[in-house]
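Structural features, examined
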Amino acid sequence: MGHHFRYRNKEMFCEGVRLSDIVKEVGSPVYIYSKRTLLEAYTEFDTAFANVDHLVCFAMKANSSLSVVSLLAKAGAGIDCNSGGEIFRALKAGAHPSKIIFTGVGKTEEEIRFALQYDILMFKVESRSELRAIDRIAGEMGKKAPVGIRINPNVDPKTHPYIATGLAEDKFGIDQSMAFESFGLAASLPNLRVVGLDMHIGSQIVDVDPFVQAATKMAVLALELKKAGFNIEHLDIGGGMAIPYKVEKPASPKDLADAISSILNVTDCKILFEPGRFLVGNAGVLVTKVLYTKKHKNKNFLIVDAAMNDLIRPSLYDAYHKIRAVELKKVETMVADIVGPVCESGDFFAHNRTINKCKQNDLLAIMSAGAYGFTMSSNYNARLRVPEVLVDGNKFYVVRDRETYDDLIRGERIPEELVK
Ligand SMILES: *Cc1c(COP(=O)(O)O)cnc(C)c1O
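Just so it is clear, the model here is predicted, and its values are computed rather than measured. (Residues numbered from 1 in each chain as written. Predicted model: local features only at pLDDT ≥ 70, side-chain atom pairs only at ≥ 80, totals over all residues. Heavy atoms only, no water.)

1. Thoughts on the packing of helix α2 (residues 35–48) against helix α9 (residues 253–265)
α9 packs onto α2 with a crossing angle of 15° between their chain directions and a minimal axis gap of 8 Å. Here α2 is positioned roughly parallel relative to α9, judged by the angle of their axes. The element α2 and its partner α9 pack so that their crossing is right-handed. Judged by residue contacts, Glu44, Phe45 and Ala48 of α2 engage Pro253, Lys254 and Ala257 from α9. Partitioned by chemical class, the residues of the contact of α2 with α9 number four nonpolar, no polar and two charged. (Axes fitted to C-alpha atoms, helices over the stretch in contact; angles between N-to-C directions. Helix = DSSP H or I, 4+ residues; strand = E, 2+ residues; numbered from the N terminus. Parallel < 35°, antiparallel > 145°, perpendicular 65-115°, else oblique. Left-handed = near helix turned anticlockwise from the far one by under 90°. Contact = heavy atoms within 4.5 Å. Nonpolar A, V, L, I, M, F, W, Y, C, P; charged D, E, K, R; others polar.)

Shown next, in the form of structure tokens:
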């Protein structure tokens, strides 16, 4: 898996566009995505499983930009949505309802109603009380809801605990020992149509082993359920494939396909995959400008204009992102803490990082920021959310504007009575 953020004559380009030219037009900070990188990642995944009847459903919580979702939907991807809002965005981006999966451990009545208006591929159900709720609402609406049941395979994905989801102690899915009972309940409810079995064990999973273990358990279960007469058309094995952030050498889709295709094919089910990070992670960078430099007791600080509200992964997961100078002016390096302007010590992008010597106004590219970057951004410290730019060859498009101060107070009011 490669990407198209490369130096040419010591200047970083995204495909055919100089990053500094984008900043000249839209300012900094800014998220920049490469169309070619994301489509190549999709094709790599899709072709790896050419011998398996499958659909790749992009987990859009990784990057819900309308343009990004639209490109992947147009390439043939389905979309895995985690909320009513994500379904709304997916539809706006042109995704076909028949390729939309509605995932989520806590769907609200309003969200279920909203999703039932469209003939989506399926609701991925995570508890028996949710089965009853969807049945009741579908009944009221005169619909039959397609449901898959998410089973927790109790496999250790060997990743950060905040992004492990398939262990017995996690909140996700239904315990495997309750699988038959849950499918029995689903099949008995009049307004549900059982269509599949699902799992998702976590994120940034570097090895194939956890996938092999979980897929094996699920394949066995799918066959047992079929034998018992349940309609298992889909087997959804979730997402979680890792990307290289630092020095990891994650398994490729081909490695994964070599390891699990035959296991999956035994089931005779259509296989659904839900990669998020893999499709978009290395297709985006966050470009930021050095506002100030300072030194405390031999420690260098680069204070940049992006902050934890723009990219929270370092603060939240202690995640590592490569950080590169957009223009390589000097060969000299420095060791610095790269930090943002928010009033929190947790507002950092890197500690003690060796980086090309920088000074005020230099631009830095925080790499591998295409997944769980903008989507996890907030207005903390009343900071404006940054624009998103999509590069296509020699052209670039501003696909989301920088917010304005008016955006910050949209929908707010000060009741006169309150302050009189
Ligand atoms: C988050 C999530 C994904 C995507 O995970 P990645 O690690 O980004 O591939 C897929 N499926 C479900 C159910 C998820 O919650």
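Still more to cover.
2. Quick look at the sheet that holds strand β2 (residues 11–14)
Overall, antiparallel pairing links the three strands, which are arranged β1-β2-β3 in an open sheet. On the outer flanks of this sheet lie β1 (5–8) and β3 (17–18), each paired with one strand and no other. When β2 meets β3, the two strands line up antiparallel, connected through two bridges. Within β3, the position partnered with Cys14 by the bridge is Val17. (Pairing = 2+ DSSP bridges.)

3. What to know about the pairing of strand β17 (residues 333–339)
Among the seven residues of β17, five are classified as buried, and the element is accordingly described as predominantly covered. Here four bridges tie strand β15 (residues 299–304) to β17, and the two strands are oriented parallel to one another. Bridge pairing in β17 links Leu302 to Ile338. Pairing between β17 and strand β18 (residues 348–356): six bridges, direction antiparallel. In the strand pairing of β18, Val339 is matched with Phe348. (Buried < 20%, exposed > 50% of the residue type's maximum accessible area, 1.4 Å probe, protein only.)

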